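# Coordinate inspection notes
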Number of protein chains: 4
Amino acid sequence: MTSTSEQKHDIILDSAFYLFSTKGFYETKIAEIAEHAGVAKGTVYLYFSSKEELFKEMTRRNFDEFLDGLSNELTRSSSFAEKLNKIADHHLSYFYNMRNHTRIFFQGLNNDPEFMEVMFHHIENYVNLVTNVMESESINESKLHAKAFVGMLENYKMDILFTKSFTKDHLNQRVDFAVKLFMNGCKR
Amino acid sequence: MTSTSEQKHDIILDSAFYLFSTKGFYETKIAEIAEHAGVAKGTVYLYFSSKEELFKEMTRRNFDEFLDGLSNELTRSSSFAEKLNKIADHHLSYFYNMRNHTRIFFQGLNNDPEFMEVMFHHIENYVNLVTNVMESESINESKLHAKAFVGMLENYKMDILFTKSFTKDHLNQRVDFAVKLFMNGCKR
Amino acid sequence: MTSTSEQKHDIILDSAFYLFSTKGFYETKIAEIAEHAGVAKGTVYLYFSSKEELFKEMTRRNFDEFLDGLSNELTRSSSFAEKLNKIADHHLSYFYNMRNHTRIFFQGLNNDPEFMEVMFHHIENYVNLVTNVMESESINESKLHAKAFVGMLENYKMDILFTKSFTKDHLNQRVDFAVKLFMNGCKR
Amino acid sequence: MTSTSEQKHDIILDSAFYLFSTKGFYETKIAEIAEHAGVAKGTVYLYFSSKEELFKEMTRRNFDEFLDGLSNELTRSSSFAEKLNKIADHHLSYFYNMRNHTRIFFQGLNNDPEFMEVMFHHIENYVNLVTNVMESESINESKLHAKAFVGMLENYKMDILFTKSFTKDHLNQRVDFAVKLFMNGCKR
DNA sequence: CATGAATGAGAGTTCATTCAT
DNA sequence: AATGAATGAACTCTCATTCAT
C-alpha cells in the first residue's frame, strides 16, 4: 500500500508541476510542494538535488509528453493537410488543457544555462518534427516553413490563455484557419 | 552638469533595463541597480515605490518605444507588401538589437495582475496595429490573420535569441520569407 | 507676517507633541512633524539637534506646564481639603483633556539616561509640591502620604484613558472620592 | 540532554523578557534575542510569527504569573488587613524583584490594538481581584476603593525603580504604610 | 535662514538546504 | 528511506540625518 520509490518520485513531480505552473517558480516554496505531495520537506531532497533541478525535471517530463503525443499522432496521419491539422490541434489542445496553469509559459530559470539548453532542445525537437513533415512533402526551406507554422500556433496560444470565454469551438476554428493560411496564404 | 530629477529617473530606469534584461527580475538586486546607476540604494526608492513598480515602469517604457517606432514606420509605407515588410523588419530588428538581453522575454511578474494587464494590453495594441493593416487591405478575419503573422515573426525571434551566429542577412531573409509565406502560402 | 525664529521653534514643538502623543515616538517620523508644522524636514534640524532631543524638549515643556498650572492653583487655595481637591482636579483634568493623546503616557526614551532624568525630576517635583501641602498640615511621613495620594489619582487616569464614555461628572466623582478616602480611610 | 520543542519556546521567551525588559522593545533586536537564547535567528520565527507577537506573548506570560501568584496568596489569607497586606506585598515585591528590568514598565506596542487589549485586560483582572476583597468586606464603591489602593502601590513602584538604595525594609515600610493609610486615612 | 534630494546603515523576515534522529 | 527542526545567508525597504543650493 505504501508508495514505491519510483511512485514517490512521480508524485513529487506532479505536485511540482501543479504548483510551479499555477504560481510560478519563485512564488512556489519547497515546503508547499512537499505538503501537496504528502511528504516531508527533506524527502524532496532525497529525489531531487535542488529546487532548480526539480523544476528542470518537471519541465523535461512536460516537454517529452508533448512531443511523444504529437509524434504518435503524426504516424497515424496520411495527407499533408491532415498532418498539419494534427500538429495544430495537438499544439492548441495542449495549451487549452493547461489554460489554468498559465504561469508555466512565462517563467523559467533564465540564468541557468542547463535549463536554457533544455528549453532550446525542446523547441529544436519540436521544429524538427514539423520540419520532417514539410520535407515529406518536398517543401523547400522546410525549416523556415516549420518555424512559421509553429509560430502561428504559438500566437493563438495567447488567445487561449487570456480569453476566459475561449471554447473548443474557437480552438477548432483557429486550427482550420492556421492550416489554410499556411497552405494558401491570405486571401485578398 | 548635475542630473535633473527627471534625468535621474531615466538613469535608474536605464540601469534597471540593463540588469533586469540581462539577469532577470529575481536575480537582479536593487543594490546592483543603484550601483549601476551611480546612486544610493535609497535613491531608487525616491523615484520608484518598489522593485515591482520599477520593473513595471521599465516594461511599459519598452513596450511604448516598440509600438511608437512601428506606428511611425507604418505611416510612411504605402503598399500592403511594404507594410508587412516594415512590421516584420521592425519586429525582428527589435529582438536583434536586444539579442544580448534575452532574459527580458522570458520573465515577468506573473503573479501581479497589474503587470499581466500591462503585458496583455501591449499584445492587444500590437495586434490591433497589425489588424488595421489587414483591414486596410479588406482582408476577412483580419484579427486572426494579424495574430498569425505576428506569431510567425515571434517564432523567428527564437532563432535570433538562440543562434549566436545570427546576422543581419539572416534577418532580412526571414523578413522576406515571412511576408511571402503569409501572402501566398507554402509552395508545393 | 512670517514666523519669527522663536515662533517656528514652538510650532515645531506643537506638531511634535500632537504627533508623538497620538502615535508614539517610533511611529512618528520627522518628515511628518515637518509637514504638520509646515516647514521643510531640514528646518527641524535647525531648531533641534535630533529626534530624541525634540522629544525631550517637548516632554520638558509638557511637564513644566503641568507643574506651573498646579502651583498657581495651590496658591489660591486655603484649607487642606481644598488643596487636596485642587491637586486631584488638576491631575485628572489634565489627563481628561489629553484623553485622545494616550500614547504619550506609555512610551518614552527608555534607554536615554538624560530622558529618564527628565522624567524622574518631574515626578520628584510633583511629589515635592504635594509633600509641601502635607507638611503645611503637619502630617507625619509627608512624602509617603504625598506619593500615596498621587498614586490614587494616577490610577484613576486609566479609567479616563480607557473608558470611552468617561465624562466630566465621572471625573468630579473620582476627585471627591479620592480626597475623602485619603482623609478618612475606607469606611467599613 | 537537548531541548524539547516546548523548552526552546520558553528559552526564547526568557531571553526576550530579559532583553526587552532591560533595553526596551525597539532597542532590542531579534538577532540579540536569538543569540542570547543560543539559537539561530530563523529559529525564533519557528516559535513566534513576528517580533510583535513575541513581545505580546512575553507580556501575557508576565501578567499571568503576577495574577496567579496573587490569587494563590489571597486564598491563604483570612482577615481584611491581612489580605490588603498580601496585595501590597505581592505588588511591591514583584517590582522589587524586577527593579533591574525597568524598561518593561514604560514601553509597549502602543499602536497595536491587540496589545492594548492584553494590557487592558490585565489591569481589569487585577482590579477585579482587589475589588472582590473589598466586597467581601462589604465596602461600598468597591471598585473605586480597589483602584485607589492599587494606585497607591503603583506609585511606590517608582521609588523602587528609581531609588538605587531601596531595600526590603523600605518595601515593608511602604506595605504597612499603604494598608494603614487606606484603612484609616491620613492622621492629622 | 530654509530647503528637500540624496544618503546608507541597519532591521525584520524568508526559505532552500542540512542532518541528527 | 523518511522526517522536520534548525540554520543563516541574503534581500527589500525605511528613515534620521546631511549639505549643496
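Chain A goes by TetR/AcrR family transcriptional regulator in an unreviewed UniProt entry, where it is assigned to Chengkuizengella axinellae.

### Brief notes about the interface of chain A and chain B
On the side of chain B, 41 residues touch chain A, which itself brings 41 residues to the contact. Between chain A and chain B, a total of about 4,200 Å² is buried, with carbon and sulfur atoms accounting for 61% of that surface. Taken together, the connections running from chain A to chain B amount to two salt bridges. Salt-bridge contacts for B:Lys147 lead to A:Asp159; the nearest nitrogen and oxygen are separated by 2.6 Å. Where chain A meets chain B, there are eight residue pairs in polar contact (both at pLDDT 80 or more). Among the secondary structure elements, those contributing two or more residues to the side of chain A that touches chain B are α6 (113-136), α7 (142-162) and α8 (168-184) of chain A. In the side of chain A that touches chain B, the residues fall into 20 nonpolar, 10 polar and 11 charged.

### Here's the deal with the domain arrangement of chain A
Residue and element names in this part refer to chain A. For chain A, the assigned domains are domain 1 (1-48) and domain 2 (50-184). Between domain 1 and domain 2, the C-alpha centre-to-centre distance is 26 Å. Contacts between the two partners involve 22 residues from domain 1 and, on the opposite side, 16 residues from domain 2. Of the roughly 1,800 Å² buried at the junction of domain 1 and domain 2 (both faces included), carbon and sulfur atoms supply 69%.

### Section: helix α6 (residues 113-136) of chain D
Over its 24 residues, α6(D) extends 34 Å from the first C-alpha to the last, a length consistent with the 34 Å expected when each residue adds 1.5 Å. Buried within α6(D) we find D:Phe115, D:Met116, D:Val118, D:Met119, D:His122, D:Tyr126, D:Val127, D:Val130, D:Thr131, D:Val133 and D:Met134. Elements that come into contact with the buried residues of α6(D) comprise α7 (142-162) of chain C together with α4 (51-75), α5 (80-97), α7 (142-162) and α8 (168-184) of chain D. A positive phi of about 60° marks D:Ser138, the residue just after α6(D).

### Focus: the nonpolar core
Ranked by internal contacts, the top residues of the largest apolar core, which has 123 residues, are A:Leu54, A:Phe149, A:Phe182, B:Leu54, B:Phe149 and B:Phe182. Per-element accounting of this core gives the leading share, 11 residues, to helix α7 (residues 142-162) of chain B. Leave out the neighbours within four places in its chain, and A:Phe182 touches A:Phe80, A:Leu84, A:Met134, A:His145, A:Phe149, A:Met152, B:Leu181, B:Gly185 and B:Cys186.

### Topic: helix α1 (residues 5-23) of chain A
All names here are of chain A. Over its 19 residues, α1 extends 27 Å from the first C-alpha to the last, a length consistent with the 27 Å expected when each residue adds 1.5 Å. For α1, the set of buried residues is Ile12, Leu13, Ser15, Ala16, Phe17, Leu19, Phe20 and Ser21. The elements touched by buried residues of α1 are α2 (30-37), α3 (41-47) and α4 (51-75). Among the residues trailing α1, glycine 24 stands out with phi positive, at a value near 100°.

### Regarding the interface of chain C and chain D
Between chain C and chain D, the contact holds 41 residues from the first and 41 residues from the second. For the interface between chain C and chain D, the tally reads two salt bridges. Here chain C and chain D share eight residue pairs in polar contact (both at pLDDT 80 or more) between them. For the side of chain C that touches chain D, the secondary-structure elements that each account for two or more residues are α6 (113-136), α7 and α8 (168-184) of chain C. Counting residues per element, the side of chain C that touches chain D draws most heavily on α7(C), which supplies 13 residues.

### Quick notes on the protein's contact with DNA strand E
Among the 31 residues in the neighbourhood of DNA strand E, the closest are listed as B:Lys41, B:Thr43, B:Tyr47, C:Thr43 and D:Tyr45. Here, DNA strand E places atoms within 4 Å of the protein, and 69% of those atoms are sugar or phosphate. Within the backbone of C:Ala40, an N or O atom sits 3.1 Å from a phosphate oxygen of DNA strand E. Within the side chain of C:Thr43, one N or O atom sits 2.5 Å away from a phosphate oxygen of DNA strand E. Contributions of two or more residues to the surface near DNA strand E are made by α3 of chain A, α3 (41-47) of chain B, α1 (5-23) and α3 (41-47) of chain C together with α3 (41-47) of chain D. A class-by-class count of the residues in the surface near DNA strand E yields 12 nonpolar, nine polar and 10 charged.

### Description of the UniProt feature "DNA-binding region" (unreviewed entry) in chain A
Per the UniProt entry, the sites bearing "DNA-binding region" (unreviewed entry) are residues 29-48 of chain A in this numbering. For residues 29-48 of chain A, the helix share is 75%, the strand share is 0%, and the end-to-end C-alpha distance is 14 Å.

### What about the relation of the copies chain A and chain B?
Relative to chain B, chain A is turned by 179° and slid 0.1 Å along the rotation axis, the superposed coordinates differing by an RMSD of 0.2 Å. What we have between these two chains is a two-fold relation. It is A:Gly185 whose C-alpha, among those of chain A, lies nearest the rotation axis, at 1.7 Å. Comparing interface residues between copies, 98% of those in chain A also sit at the interface in chain B, which points to an isologous, same-surface contact.

### Describing the pattern of salt bridges
Residue and element names in this part refer to chain D. Under the defined criterion, the tally for this structure stands at 32 salt bridges over all chains. Salt-bridge contacts for arginine 60 lead to glutamate 53; the nearest nitrogen and oxygen are separated by 3.3 Å. A relative accessible area of 30% places arginine 60 in the partly exposed class. Two residues, lysine 56 and glutamate 114, come together in a salt bridge whose shortest N-O distance is 3.4 Å. Residue lysine 56 is found in helix α4, and its partner glutamate 114 is found in helix α6; the two are separated by 58 residues along the sequence. Lysine 56 gets classed as buried once you look at its relative accessible area, which sits at 4%.

### Here's the deal with the protein's contact with DNA strand F
Near DNA strand F, the surroundings consist of 30 residues, among which A:Thr43, A:Tyr47, B:Tyr45, D:Thr43 and D:Tyr47 are the closest. In DNA strand F, atoms within 4 Å of the protein come 69% from sugar and phosphate. At 3.1 Å from a phosphate oxygen of DNA strand F is found a main-chain nitrogen or oxygen belonging to A:Ala40. Separating a phosphate oxygen of DNA strand F from a side-chain N or O atom of B:Lys51 is a distance of 2.9 Å. Of the residues contributing to the surface near DNA strand F, the split by class is 12 nonpolar, eight polar and 10 charged.

### Quick notes on the relation of the copies chain C and chain D
For the pair of chain copies, the relating transformation is a rotation about an axis with a translation along it. Take chain C, turn it by 179°, move it 0.0 Å along the axis, and it overlays chain D with an RMSD of 0.2 Å. Here 98% of the contact residues of chain C are again contact residues in chain D; the copies associate through an equivalent surface.

### As for the arrangement of the chains
Chain B makes no contact with chain C; the smallest distance between any of their C-alpha atoms is 14 Å. Separating chain B from chain D is a minimum C-alpha gap of 22 Å, and the two share no contact.

### Here we look at unusual backbone geometry
Residues other than glycine seldom take positive phi values, yet A:Ser138 does so here, at roughly 60°. Within the secondary structure, A:Ser138 sits in the loop between α6 and α7. Of note in the backbone geometry, D:Glu141 takes a positive phi value of approximately 45° without being a glycine. Examined against the element boundaries, D:Glu141 turns out to sit in the loop between α6 and α7.

### What to know about the packing of aromatic side chains
In the structure shown here, the tally under the stated rule is 43 aromatic pairs over all chains. Aromatic pair C:Tyr94 and C:Phe95: ring centres 5.4 Å apart, planes at 80°, arrangement edge-to-face. In this structure, C:Tyr94 and C:Phe95 share a single accessibility class: buried. Members of the aromatic cluster, connected to one another through ring pairs, are A:Phe20, A:Phe25, A:Tyr26, A:Phe55, A:Phe115, B:Phe20, B:Phe25, B:Tyr26, B:Phe55 and B:Phe115. Sitting above the plane of the B:Phe25 ring, B:Lys51 keeps its charged end 4.5 Å from the centroid. Its guanidinium or amino end placed over the ring of B:Tyr96, B:Arg99 lies 3.9 Å from that ring's centre, counting from NZ or CZ.

Parameters and conventions
- Residues numbered from 1 in each chain as written.
- Chains lettered and ligands numbered in written order.
- Predicted model: local features only at pLDDT ≥ 70, side-chain atom pairs only at ≥ 80, totals over all residues.
- Heavy atoms only, no water.
- Contact = heavy atoms within 4.5 Å.
- Buried area = accessible area lost by both parts, 1.4 Å probe.
- Salt bridge = Lys/Arg side-chain N within 4 Å of Asp/Glu carboxyl O.
- Polar contact = N/O pair within 3.5 Å; in protein donor to acceptor, adjacent residues only side chain to side chain.
- Helix = DSSP H or I, 4+ residues; strand = E, 2+ residues; numbered from the N terminus.
- Nonpolar A, V, L, I, M, F, W, Y, C, P; charged D, E, K, R; others polar.
- Domains from an automatic or database assignment.
- Expected span 1.5 Å × (residues − 1).
- Buried < 20%, exposed > 50% of the residue type's maximum accessible area, 1.4 Å probe, protein only.
- Core = buried A, V, L, I, M, F, W, Y, C linked by side-chain atoms within 4.5 Å.
- Near = heavy atom within 4 Å.
- UniProt positions renumbered as here; feature names shortened; annotations may be inferred.
- Least-squares fit on C-alpha atoms with pLDDT ≥ 70 in both.
- Phe/Tyr/Trp six-rings, centres within 6.5 Å; stacked < 30°, edge-to-face > 60°.
- Lys NZ or Arg CZ within 6 Å of the ring centre and 35° of its normal.

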